[in-house]
Amino acid sequence: MVIETRSPEETFRLGRKLGEAARPGQVFTLTGDLGTGKTVFTQGFAKGLGIEEPVNSPTFTIVQVYDEGRLPLYHFDVYRIGDVEEMEEVGFEDYVMGDGVSLIEWAELISEILPEKRTAVRIEKDLEQGFDYRRITIEELG
Ligand code: ADP
Ligand code: MG
């Protein structure tokens, strides 16, 4: 499925819709260059789960857990990961196998340890379509 958005609000709303529909144990991978909107999408997703506290990129902690919503949200940003073994140390397996929903920014950096069953969200710019244009491709894998 391909969705085109033309503002951060639209990407937020798409995330919110998916957050409203999320089921326990789901894993979403978010890929796309820096500044494409992975965190904006995640903020909408969190809202859709009923999380009211602010969500930002957990760049220095790898994972941030939000417990106040309909389901726990495990928000990963693995941009600064040096080695996939670091993921083991933060308990990646337990999160991914757990009943919460995992959202992983920069998931391509840990492709070898991603579960096969996941929802891939890819965000791309196309400057010919304008600065705020994003093409968002959502694909069910596994
Ligand atoms: P990432 O997490 O992918 O590095 P962010 O979500 O932190 O990116 O930032 C995306 C930036 O792009 C924000 O400054 C946002 O306002 C801007 N932006 C402009 N247009 C869009 C759009 N259509 N969707 C999402 N973000 C957009
Ligand atoms: Mg981000």
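The preceding data block contains the structure.
Residues numbered from 1 in each chain as written. Chains lettered and ligands numbered in written order. Predicted model: local features only at pLDDT ≥ 70, side-chain atom pairs only at ≥ 80, totals over all residues. Heavy atoms only, no water.

Q: Break down the overall build of the protein for me, with residues and values.
A: In terms of helices and strands, the protein carries four helices and seven strands. Listing the helices and strands of the protein from first to last along the sequence gives β-α-β-α-β-β-α-α-β-β-β. At 14 Å, the protein has a C-alpha radius of gyration in line with the 14 Å of a compact globule built from 142 residues. Seen through its C-alpha atoms, the protein measures out along the principal axes to roughly 40 × 30 × 30 Å. Taking all 142 residues of the protein together, the buried fraction comes to 46%. Here the contacts in the protein between residues at least 6 apart in sequence split such that 62% fall between residues at least 24 apart. For the protein, the accessible surface area stands at approximately 7,600 Å², while carbon and sulfur atoms represent 48% of it. (Helix = DSSP H or I, 4+ residues; strand = E, 2+ residues; numbered from the N terminus. Rg over C-alpha atoms; globule rule 2.2 N^0.38 Å. Buried < 20%, exposed > 50% of the residue type's maximum accessible area, 1.4 Å probe, protein only. Contact = heavy atoms within 4.5 Å. Areas by Shrake-Rupley, 256 points an atom, 1.4 Å probe, with all protein chains shown as cover.)

Q: I'd like a description of the sheet that holds strand β5 (residues 101–105), backed by residues and values.
A: The strand order across the open sheet formed by seven strands is β1-β7-β6-β2-β5-β4-β3, and the pairing between neighbours is mixed. For this open sheet the edge positions go to β1 (2–5) and β3 (63–66), each flanked by a neighbour on one side alone. Ignoring strand direction, the axes of neighbouring strands in this sheet form an average angle of 20°. Judged from the four bridges that link them, strand β2 (residues 27–31) and β5 form a sheet pairing that is parallel. Within the sheet, the bridge partner assigned to Leu30 lies in β5 and is Glu105. Of the strands in this sheet, β2, β4 (73–77), β5 and β6 (118–125) touch helix α2 (residues 38–48), which is tilted by about 165° from β5. (Pairing = 2+ DSSP bridges. Axes fitted to C-alpha atoms, helices over the stretch in contact; angles between N-to-C directions.)

Q: An account of the site of ligand 1 is needed here, citing residue identities and associated values.
A: If you check the shell around ligand 1, you find 16 residues, and the closest are Thr11, Gly35, Lys38, Thr39 and Asp132. Within the side chain of Glu105, one N or O atom sits 3.2 Å away from an oxygen atom of ligand 1. Here a nitrogen atom of ligand 1 sits 2.7 Å away from a polar atom, N or O, in the main chain of Asp132. Protein contact buries 75% of the 570 Å² of open area that ligand 1 shows by itself. Secondary-structure elements contributing two or more residues to the shell around ligand 1 are α1 (8–21) and α2. For the shell around ligand 1, the element with the most residues is α2, which contributes three residues. (Near = heavy atom within 4 Å. Polar contact = N/O pair within 3.5 Å; in protein donor to acceptor, adjacent residues only side chain to side chain.)

By themselves, these figures tell us nothing about what the structure is for.
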